Amino acid sequence: MRSTGVARVGGIRLHYTRAGSGPLVVLLHGWPQTGLCWEPVLGPLAAGHTVVAPDLRGYGLSDKPATGYDKRRMAADVAELVSSLGFERASVVGHDRGARVAHRWALDRPDQVERLVVLDVVPTREMFRRLDASVASAYWHWLFHLQPDLPERLVGQDVRGYLEYFFERWTYNRHGLSPEAVDAYVRAFSRPGALRAGFDDYRAHERDLALDDEDAAAGRRLTMPVLALWGSAGLPARLPTLEIWREYAGDVRGFEIPECGHFIPEERPDALLAHLRGFLPGAVSAA
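Given the structure is predicted, the values throughout are model-derived calculations rather than measurements.

(A) Summary view of the pairing of strand β3 (residues 24-28). Among the 5 residues of β3, 5 are classified as buried, and the element is accordingly described as predominantly covered. Between β3 and its parallel partner strand β4 (residues 50-54), the chain crosses via helix α1 (residues 39-46), and the hand of that crossover is right-handed. Pairing analysis gives 4 bridges linking β3 to strand β5 (residues 90-95), with the strands arranged parallel. By the bridge assignment, Val 26 is partnered in β5 with Val 92.

(B) Spotlight on the UniProt feature "domain: AB hydrolase-1" (unreviewed entry) in the chain. Sequence positions flagged by UniProt for "domain: AB hydrolase-1" (unreviewed entry) are, in local numbering, residues 23-269. Taken end to end, residues 23-269 comprises 47% helix and 14% strand; its first and last C-alpha atoms sit 20 Å apart.

(C) Quick look at the pairing of strand β6 (residues 113-119). A large share of β6 lies buried, amounting to 5 of its 7 residues. For the handedness criterion, the β-α-β arrangement of β5, helix α3 (residues 97-108) and β6 is classed as right-handed.

(D) Looking closely at the sheet that holds strand β8 (residues 252-257). Ordered by their spatial adjacency, 8 strands build an open sheet running β1-β2-β4-β3-β5-β6-β7-β8, and the pairing between neighbours is mixed. Each edge of the sheet is formed by a strand with only one pairing partner; in this case those strands are β1 (2-9) and β8. For this sheet the average axis-to-axis angle between neighbouring strands, irrespective of direction, equals 20°. Pairing of β5 with β6 involves 6 bridges; the strand directions are parallel. Counterpart to His 95 in the pairing with β6 is Leu 119. Docked against the sheet, helix α2 (residues 71-84) engages β1, β2 (12-20), β3 and β4, running at close to 120° with respect to β1.

(E) Representation of the environment of Arg 129 in the model. With respect to the helices and strands, the residue Arg 129 is situated in helix α4 (residues 124-129). A sequence separation of 114 residues divides Arg 129 from His 15, and the C-alpha atoms of the two residues are 34 Å apart. In terms of polar contacts, Arg 129 uses its side chain to reach the side chain of Glu 126, at 2.7 Å.

(F) Focus on the packing of aromatic side chains. According to the stated counting rule, one finds 17 aromatic pairs in the structure shown. For the ring pair Trp 31 and Tyr 202, a centre distance of 6.0 Å and an interplane angle of 85° mean the geometry is edge-to-face. Note that Trp 31 is positioned in the loop between β3 and α1 and Tyr 202 in helix α10 (residues 194-203), a separation of 171 residues in sequence. Taking relative accessible area as the criterion, Trp 31 reaches 1% and is therefore assigned buried. Under the relative-accessibility criterion, Tyr 202 is labelled buried at 1%. With a centroid separation of 6.2 Å and an interplanar angle of 35°, the aromatic rings of Trp 170 and Phe 263 are classed as tilted. Remark: Phe 263 occurs in the loop between β8 and α13 (264-267) and Trp 170 occurs in the loop between α8 (159-169) and α9 (179-189); sequence separation between them is 93 residues. Between the NZ or CZ atom of Arg 97 and the centre of the ring of Trp 142, over which it lies, the distance is 4.7 Å. Here the basic side chain of Arg 115 rests over the ring of Phe 279, its NZ or CZ set 5.1 Å away from the ring centre.

Reading guide: rules and limits
- Residues numbered from 1 in each chain as written.
- Predicted model: local features only at pLDDT ≥ 70, side-chain atom pairs only at ≥ 80, totals over all residues.
- Heavy atoms only, no water.
- Buried < 20%, exposed > 50% of the residue type's maximum accessible area, 1.4 Å probe, protein only.
- Helix = DSSP H or I, 4+ residues; strand = E, 2+ residues; numbered from the N terminus.
- Right-handed = clockwise from strand over helix to strand, strands pointing away.
- Pairing = 2+ DSSP bridges.
- UniProt positions renumbered as here; feature names shortened; annotations may be inferred.
- Axes fitted to C-alpha atoms, helices over the stretch in contact; angles between N-to-C directions.
- Contact = heavy atoms within 4.5 Å.
- Polar contact = N/O pair within 3.5 Å; in protein donor to acceptor, adjacent residues only side chain to side chain.
- Phe/Tyr/Trp six-rings, centres within 6.5 Å; stacked < 30°, edge-to-face > 60°.
- Lys NZ or Arg CZ within 6 Å of the ring centre and 35° of its normal.

This is the structure in C-alpha cells:
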C-alpha cells in the first residue's frame, strides 16, 4: 500500500511517499531530481520494508525556504520526519545530494542510522580537496551553482534545456531516464523558488565543509556499515572511490556498477536492488 503525506519539520512542510511495512528504509534523492527518482526500486523495496522517500527541503513538493540548506539542517529535517512517523532507526540510501545529507545524518545521529548506502558520490570534503583539472572538468556545475544569482538568471531562460543536458551527459544509456520522469523533473524545477533552492543546496558548501573539517579533526568517522556504489560512467569512476570512503568509515564495501552512469536507481534498478538485497536488513524482492 502506498500513500503520500506532508510532515511539518524544522519549520517547513516536507512532502514524502510511503509504502510497505517492516524495517524502515529512507531514500534521499539528489539534484536535479525529486523523490520520484526512486520509483523503479520503491515497489521491490516495499515488499519487505517500510520505505519513505521524501522530497528534500527546497525540492519537489516540499517547502522552499530562504535558509537551511546546510546538510546538518537538511539531515535534521529527515531525522525529524522519521521520528514523526514513529520510527527510532532507519537504513538510509542517498543518491547525489541526498547522499551528502545522508552522510551528515549518519555522523550527527549515528544511533538513528542503522546502515548507510551512498550512490555515485565521494564525501564533499574530498571532492574539494581533489579539485584538480580533471575533477574540476567533471564537477564544473558545482562551481557554477554556488555563484550568487547568476545560475537562476541563466538557467531560468531554459529549465528543460539545462536539466536535459545532465540527463543526457550523465547517463550511460541516453534513454536511461523515462520521458515521463524528465517531464516531472522539469515541472518540479519550474516551480517558484525551485531553481534558487536547488542552487542554495550547493551554496551551503562553506558551512558543509566546516562541519566536515571539524569531524575530521576530531577523528569522527561513520560507525555503521556503509555500502558505496557508483556507475562505471559516473563521475566518481574517475576517483579511487572505495579507498576514499574507507578513510571516512570503519566498515565499508563498495562496487562499480557496469554500463551505468550517474542516475543509478533509474538506469540500473536491477543492479541496485541486487546490492541492497545483500546489505539491508529484511527482505528485498527482485525487480
